[in-house]
Amino acid sequence: MRKELFPGEQVIVTTRPQPRTLIGPALLLIVIAALTAYACAWITKGGPGKLLPLVTAEWTPWLTGACMVVAAWAVLSYGLPRLVAWQGSRYILTSRRLVARNGMLRRRDQQVPLVAVRNVFVDQSLLQRSLRSGNISLDTGYPANTVIPDVPEVMTFRRFILEAMEELPEGEVMNDGGTEDGSDEWPWEMREGGRDDR
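Residues numbered from 1 in each chain as written. Predicted model: local features only at pLDDT ≥ 70, side-chain atom pairs only at ≥ 80, totals over all residues. Heavy atoms only, no water.

Looking now at helix H5 (residues 154-166). Between its terminal C-alpha atoms H5 stretches 18 Å, which fits the 18 Å expected from 13 residues at 1.5 Å a residue. Among the residues of H5, those classed as buried are Val154, Phe157, Ile161 and Ala164. Taken around the axis of H5, the buried residues stretch over an arc of 85 degrees, which confines them to a single face. The elements touched by buried residues of H5 are strand E1 (11-15), strand E2 (90-94), strand E3 (97-102), strand E5 (119-123), strand E6 (133-139) and strand E7 (146-152). (Helix = DSSP H or I, 4+ residues; strand = E, 2+ residues; numbered from the N terminus. Expected span 1.5 Å × (residues − 1). Buried < 20%, exposed > 50% of the residue type's maximum accessible area, 1.4 Å probe, protein only. Arc of directions from axis to C-beta. Contact = heavy atoms within 4.5 Å.)

Okay, structure coming up:
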């Protein structure tokens, strides 16, 4: 992120989404590990041979290996994508903008200049309130608000946003070709009415 900062811009806080999305994969890992251990012990003690007399002791390594493969497939197909998605997500608040990055292989980058933000709303479910997380909605004047989901310590993060907005220089504009020094002079191509091609 340091290479992508504008002159004079500073990183205030960097965080990831609330890790509650990893509760399901963690519980699944515990349950699958317990069931796999139980199944392997049952196979080793000759349990399949008692149910089906055709299954002999030579089948034990193959059945044990099959249990391990099924368990590994379940963990990797359900838990690993969620862990990678969480690990690849970042919320970065700088002195001029809020950046939400998602994904590792396929990256989605969302940036909101703080000068464009009119209001900052916090939305919390009951579970989010108990974990002190929530969704931050930024009103930028467009019909659809920008929503940053599952922000940890959401009230502190909101306070950081509001403080950064208060510390912006008066009249600062963050558009390409715009002014950053607070002057009202715009390049003639960007003034109201656009370029005059007469």
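Next comes the rest of the account.
Applying the stated rule across the entire model yields 5 salt bridges. One salt bridge in this structure joins arginine 97 and glutamate 9, with 2.7 Å as the shortest N-O distance. Of this pair, arginine 97 sits in strand E3 while glutamate 9 sits in the segment before E1, and the two are 88 residues apart along the sequence. Across the pair, exposure class does not vary: arginine 97 and glutamate 9 are buried alike. Note that glutamate 153 is salt-bridged to arginine 132, the shortest N-O span being 2.8 Å. Of the two residues, glutamate 153 is situated in the loop between E7 and H5 and arginine 132 in the loop between helix H4 (126-131) and E6; the sequence distance between them amounts to 21 residues. (Salt bridge = Lys/Arg side-chain N within 4 Å of Asp/Glu carboxyl O.)

What follows concerns a nonpolar patch on the surface. Taken together, Leu76, Leu80, Leu83, Val84, Met104 and Leu105 make up a surface patch of nonpolar side chains, about 610 Å² in accessible area. Relative accessible area serves as the criterion here: at 36%, valine 84 is assigned to the partly exposed category. (Patch = residues over 30% accessible without salt bridge, like charges linked within 9 Å, V, L, I, M, F, W, Y side chains within 5 Å. Areas by Shrake-Rupley, 256 points an atom, 1.4 Å probe, with all protein chains shown as cover.)

Within the largest apolar cluster, 18 residues are counted, with the highest numbers of intra-cluster contacts made by Ile136, Leu138, Phe157 and Ile161. Among the elements that make up this core, the one with the highest residue count is H5 (4 residues). When residues no more than four places from it in sequence are discounted, the contact partners of phenylalanine 157 are Val13, Thr15, Tyr91, Leu93, Leu98, Ile136, Val151 and Pro152. (Core = buried A, V, L, I, M, F, W, Y, C linked by side-chain atoms within 4.5 Å.)

For the rest of this paragraph, the subject is unusual backbone geometry. The backbone phi angle of arginine 132 is positive, close to 60 degrees, even though this residue is not glycine. Judged by its relative accessible area of 52%, arginine 132 is exposed. For aspartate 150, which is not glycine, the phi torsion reads 50 degrees and is therefore positive. Considering the arrangement of structural elements, one finds aspartate 150 in strand E7. When its relative accessible area of 11% is taken as the criterion, aspartate 150 is described as buried.

The element E3 is largely enclosed, with a buried count of 5 among its 6 residues. Two strands pair when backbone bridges link them, and E2 and E3 are joined in this way by 4 bridges, in the antiparallel orientation. What sits directly across from arginine 90, in E3, is arginine 101. Hairpin connection of E2 to E3: 2 residues between the antiparallel strands. Here 6 bridges tie E3 to strand E4 (residues 108-113), and the two strands are oriented antiparallel to one another. If you follow leucine 98 over to E4, its bridge partner there is valine 112. As consecutive antiparallel partners, E3 and E4 are separated by 5 residues, and within that stretch glycine 103 has a phi angle of approximately 95 degrees, a positive value. (Pairing = 2+ DSSP bridges.)

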